Structures are given as C-alpha cells and as structure tokens.
There are 2 protein chains.
Amino acid sequence: MEKISIKQAAKWLLDNDDFLILTHKRPDGDTVGSAGALVRALRKLGKRSFLYENSEITDKYMPFAQGFFAEEGFEQKKIISVDIASLSQFPLGGEKYRESVDLCIDHHMSNSGFAERICLYDTASCGEIVFDIIMELAGGMDKDTADCIYTAVSTDTGCFAYANTTANTFRVAGQAVELGADLPRLNKILFRTKTKRRADFDGYAYSNMRYYYDGRMGVNIITMDLRKEMGLTEDDLDDVASIPTGIEGVVAGITIKEQPDGCKISVRTVGDVNANNICAAFGGGGHRQAAGCFIEGSVNEAEEKLIEAVGKELR
Amino acid sequence: MEKISIKQAAKWLLDNDDFLILTHKRPDGDTVGSAGALVRALRKLGKRSFLYENSEITDKYMPFAQGFFAEEGFEQKKIISVDIASLSQFPLGGEKYRESVDLCIDHHMSNSGFAERICLYDTASCGEIVFDIIMELAGGMDKDTADCIYTAVSTDTGCFAYANTTANTFRVAGQAVELGADLPRLNKILFRTKTKRRADFDGYAYSNMRYYYDGRMGVNIITMDLRKEMGLTEDDLDDVASIPTGIEGVVAGITIKEQPDGCKISVRTVGDVNANNICAAFGGGGHRQAAGCFIEGSVNEAEEKLIEAVGKELR
C-alpha cells in the first residue's frame, strides 16, 4: 500500500479512466456525498465514472447518488473507495472488490490499508478530502457537486455541532456555499426534518424519561412492543442515545433497547463521568463519553443494574 | 448619521477610550457574544471598557458578559451599541442612552439610524462584523474572545442550519476555531442542552401534535394551564414555532399560544405555502415562510379558523 497526497490523488485520477466508486455498508451522508461529488467531478472532466449500486442507500441520501449507478455492460478499469476504513465495511454485494481497490480515499486513521494506494487525512469528514482533490483536479465544481460536498461535511459533524468539527470543516463548508451549495434546502432535508414516527417517539421519550440521582442520570427505555406499536425503523431511531444527555443536568444518559435475548445498552456521559467504566462492568466498552454493552434479562433488571453501576461512577 | 467601514470603525475605536457597550432588550447570543468579544478586545488594547449591565441576560449567555459590567463610578466617554436596530430595542434602563450612541455596530439593514455613526453590513450575525473589526484592530484575539465570536455567529444562524448562513459565516466560524474557540464545550451549552422543563414540553408537543390535510398541516396548542403546570418560561419556549414543520410532510406548521385575551398564532411554512397569506386573513403578517397573528376566542375556535385558512392556502 502506497500513501499518496491530495495532489498525487488528483494526478492519478487525471491519468486514468473508467472508474467504479464504492460507498460503505449502511451508507451515511459522508460516504454518499463524497462519492456523489467525485462521480460528478470526474464526469465533468470527460471520465467514464459510475457509483456501485449500494442497495442500502436511504431515501434521504438517494438524490445524491441516483442516476449515477453503474449501467449494464460498464467495465471498470479502476476502483475507488470513499469513507471505507476496513474490509468489513464493503457494501452488500461489493465484497468481491475487497482485493482490487486501486484508490482508497478515507479519513479514518485506523484504516486497515486494504487498497493499492490510499489518500488518508485526519479530517472530520471524508468529504473534506474529496473537496480538496476535486479543487486540485478541476479548480472548481458545479452547484450539484457542491451540494454533495456540503452533505458529506455537514452530516459527519452533526451540522458542525460535534466535537470533531475543525477550522478545515468550516473552510470546506464555506467554499461549498460559495460554489452554490443550497444550504437552506439541504439543512431542511438533512437536519430539520424528522419522520412522524420519530416525532411520536421523541414525544414518548421526553415524556417518559426516568431520572435518578437528582437528575444526574437519565434513562430511556425502548421496548420491542413500543418499536412495533410505533412502527419504528432503525433510521427512525438514529442518534437516540444522545437524547438523555441533551437534557440539562444529566451527566449519565442511558438508553436501554430491549432485544429478544436481553438488552442493548448505550451510555453517553458528560464531563468527568466515564461511560467506559460503566459499561466495562458488563463486559462492554467504548470511549470515555460514549460506550455500549449488553445485559441479559428484562429492561427493568437491566435498569436496576445500571442504576447501581452509574451510582458507583458518580461517587 | 455617518456610515463607516470596518477599517474606519477600528480606527475610531483606536482613537477613543472609556467605552460603554450596550446590548439589546431580551438579549440573545449574538448581542451578548458580540459585546463580550468587543469588551475583551478593547481591554487587551488597554482601553477602559465596560458592558452596560443588561438585567435580562439569561444564565446561558451570562458567562460571556459576567465580570465586565460597568463599575460604580465609571464614566464613559463613548457609547457603542451592538446588534441594536432601533430605539425600541434599547435594554431595560438603557433608554437614557438613546440619543447618545457614538458607534452603532449592526447587521439589520432596517437599522433606524439612531447613532452618530454606524458600521452596518448585511451579514447573518453582528458577530461577523465585530470579528472583522477586532482583527483589523488587533490582528488577532485570545481564546475567550474567540468563544464570544463563535457564540454570536453560531446562535444567530441556529448552528449554521438557518437560511441566513453564508460563506462569510463559515469563514468567521472557522477563524474563531483556529483562534481557540472551544467548539465541543460551546455547542453543548448553546445547542445540545435543553432544560428538563423543555424536555417535558417537547414530550407533550410531539405526543399531542394534531395533523390535518393528510399530515400537511400540523398544530401545536399551548394553553395557559399547560405553561403553568409545567412551569414553562419564555426561554423554555424558544423556537417552539419551528416544531411542526420539523416533521416530515408538514408544510403548514401552526403554534397556538393561549393568552388571557385570545390566542397568539405563529405560522411556519415550507415550499410554496405562504405563511403571510394565512396570517393576513386575521390582520397579521410577516414573511413568506414565517408569520404571526392574533385571534380572539378560545384555542379551539382559533384552531378551527386556522384549519379553514390553511385549507384555502393549500388548495
């Protein structure tokens, strides 16, 4: 594996043709936006370029990919992956390309190095790297391409609210806006709209939040019955783990998701409270402020055990 | 009234001393952040500078102002206002300065021209103008000042999600980060934390949203009893009007706030639906996507009238 710079990646793209671009499994805004921007920019340069038809792309991100999926009979000469960090993240049906990626563009410093060459930078989003490659390649981009870049950059940083946001993120977002990205429309689609099902769920979650230790611990319980009754999909439950710590005073936020064989637990913490410590007691782990574990038994049993574990950590 | 540029404003600040800085009535993040940044930058240059003690500054924004309020015996020579657009927006007790503002820094193009000189630009936030003035003045700023700028810029654009966000907003936010603004901490305080009361209210609102016209109209009713029962303050109800249109499919979002003498109505719309038309029928008005009016009678009577008015607009 060869590590290459943005300039080198741009030159390699100019020197080659007939590209197939891969997005990752359970695709998010960063992988689809990055791929959508790249395919558009390459076509504008007259390169035959297509996206691998990732069947898991959701309605929200489909507009950035639609119309660019590989056609019957297209034979790629070069394969590019965007935002894929390891072999386990190849898209469904795309496992056959695991050994043949020619260029990997990624921002996960943990990248396993599966590709022939890699353009890797420690940015908040893969879209920031793709943006710089396109600017190097073409000196500009059209409005639709800028929309894709903005989507990649903004979704991977929670609309610039997550801790991974840097000055570089703002630089790229600002340039995307200057190049025509339609912020009001995109922000409405990407951040300011929840499904009716999610609105119903939020209503339930906020009304039924359970508080302990003077409101320092907040618990949200999602039973299988509730999911069935409200018709909640995985998409609807995106980022629910962050609900409890979004409430003033809650420093240990627990989300208990009932499963057929026990409970999946997500822990989010604020300040000095260590989520990893709380989950380690149950054989789980993660980061200081975000961790997970699995607890056998009912939701009430799981809650009881967690109240005890959080109590120890709060002391 | 003389219109002056950023360069001229910086020069005027350098040429003078003993400043009193005014924030506006019902202060938001932009006015407090802008004032907090300016007072810090001026002091760093050795200028005696204080903030007018605006009694309405809430807990959320107090950290940016605390410690800088005018002391007993301070006699200002020059008065500066930030983010004040008209005489009616002077802070409580600060009406006495209406005729004596020497420099007005503002981003409302509707500014009534009450000051001796005005530094006015059509930016998303006043903080963007203050940032450029400070950079012109001092060539940099410390971390706390950058925190104030980030607060001003991010709050006035709903964390970069509102339609007023521009490339300039991102430029200033990015530079604030480079100068040390503590994004993770600030975003948590400014955007990712709601009071328990607001969490309770959101639970109520999402669980009790009323949908009409196949979910294209969403109605949220806030009675006086509910406010009393939940102990909701004005702060707790910040931006509630945007809740209904945040739900997929809702293109006419209505919030009905019961008052002793009738109902205060906020209308938000999406796409072609005109909020101004809906409110005009009741003697109110506003913009295409955000308008308001007052309807006499009970919340149920108001809702009935609004269902009819929205029906006409949806046709």
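Remember, predicted model here, so these are calculated numbers, not experimental data.

Considerations on the overall build of chain A
And then number 1: Helix and strand content of chain A: ten helices and twelve strands.
And then number 2: The C-alpha radius of gyration of chain A comes to 21 Å, within 12% of the 20 Å expected for a compact globule of 315 residues.
And then number 3: With the C-alpha coordinates of chain A rotated into their principal frame, the extents come out at 60 × 40 × 35 Å.
And then number 4: Split into buried and exposed, the 315 residues of chain A put 54% on the buried side.
And then number 5: Once local pairs closer than 6 in sequence are excluded, the contacts in chain A between residues at least 24 apart make up 63%.
And then number 6: Surface summary for chain A: the accessible area is close to 13,400 Å², and the carbon and sulfur share equals 46%.
And then number 7: Taken together, the 36 basic and 48 acidic charged side chains of chain A have centroids lying 1 Å from each other.

Looking at the confidence of the model for chain A
And then number 1: Taken residue by residue, chain A gives an average pLDDT of 95. The fraction at 70 or more is 100%.
And then number 2: Taken together, the chains of this predicted complex give a pTM of 0.80 and an interface ipTM of 0.76.

Considerations on the interface of chain A and chain B
By a widely used convention, the size of an interface equals the accessible area lost when the partners come together.
And then number 1: In this complex, chain A contributes 38 residues to the contact, which on the side of chain B involves 38 residues.
And then number 2: Where chain A abuts chain B, roughly 3,200 Å² becomes buried across the two surfaces, and 63% of that area is made up of carbon and sulfur atoms.
And then number 3: Its largest share of buried area at the contact with chain B, chain A owes to Phe170(A), Lys196(A) and Tyr206(A), together 20% of the area lost on that side.
And then number 4: Where chain A touches chain B, the interface holds zero salt bridges.
And then number 5: Linking chain A with chain B are 14 residue pairs in polar contact (both at pLDDT 80 or more).
And then number 6: Of the residues in the side of chain A that touches chain B, the class split is 18 nonpolar, twelve polar and eight charged.

Examining the sheet that holds strand β4 (residues 78-82) of chain B
All names here are of chain B.
And then number 1: Reading across from one edge, β1-β6-β5-β4-β2-β3 is the order of the six strands in this open sheet, with parallel pairing throughout. Both outer strands of the open sheet, β1 (2-3) and β3 (49-51), are each paired with one neighbouring strand and no more.
And then number 2: Here three bridges tie strand β2 (residues 19-22) to β3, and the two strands are oriented parallel to one another. Opposite Ile21, over in β3, you have Leu51 as the bridge partner.
And then number 3: Packed on one face of the sheet, helix α2 (residues 29-44) meets β2, β3, β4 and β5 (103-106) and runs near 160° to β3.

Points about the domain arrangement of chain A
And then number 1: If you check the domain split of chain A, you get domain 1 (2-191) and domain 2 (196-314).
And then number 2: The gap between the C-alpha centroids of domain 1 of chain A and domain 2 of chain A is 33 Å.

Digging into the relation of the copies chain A and chain B
And then number 1: Rotating chain A by 180° and moving it 0.0 Å along the rotation axis overlays it on chain B with an RMSD of 0.2 Å. As the rotation angle and translation indicate, the two copies are arranged about a two-fold axis. Taking C-alpha positions as reference, the residue of chain A nearest the rotation axis is Gly203(A), located at 1.8 Å.
And then number 2: Taken as a fraction of all interface residues of chain A, those also at the interface in chain B reach 100%, which identifies the copy contact as same-surface.

Some thoughts on the pairing of strand β2 (residues 19-22) of chain A
Residues in a regular strand project their side chains so that they alternate between the two faces of the sheet.
And then number 1: Of the two faces of β2(A), both are covered, the one formed by Phe19(A) and Ile21(A) as well as the one formed by Leu20(A) and Leu22(A).
And then number 2: Crossover β2(A) to strand β3 (residues 49-51) of chain A through helix α2 (residues 29-44) of chain A is right-handed.

Calculation rules
Residues numbered from 1 in each chain as written. Chains lettered and ligands numbered in written order. Predicted model: local features only at pLDDT ≥ 70, side-chain atom pairs only at ≥ 80, totals over all residues. Heavy atoms only, no water. Helix = DSSP H or I, 4+ residues; strand = E, 2+ residues; numbered from the N terminus. Rg over C-alpha atoms; globule rule 2.2 N^0.38 Å. Buried < 20%, exposed > 50% of the residue type's maximum accessible area, 1.4 Å probe, protein only. Contact = heavy atoms within 4.5 Å. Areas by Shrake-Rupley, 256 points an atom, 1.4 Å probe, with all protein chains shown as cover. Lys, Arg positive; Asp, Glu negative; His and termini not counted. Charge placed at Lys NZ, Arg CZ, Asp CG, Glu CD. pLDDT = per-residue confidence, 0-100. Buried area = accessible area lost by both parts, 1.4 Å probe. Salt bridge = Lys/Arg side-chain N within 4 Å of Asp/Glu carboxyl O. Polar contact = N/O pair within 3.5 Å; in protein donor to acceptor, adjacent residues only side chain to side chain. Nonpolar A, V, L, I, M, F, W, Y, C, P; charged D, E, K, R; others polar. Pairing = 2+ DSSP bridges. Axes fitted to C-alpha atoms, helices over the stretch in contact; angles between N-to-C directions. Domains from an automatic or database assignment. Least-squares fit on C-alpha atoms with pLDDT ≥ 70 in both. Right-handed = clockwise from strand over helix to strand, strands pointing away.

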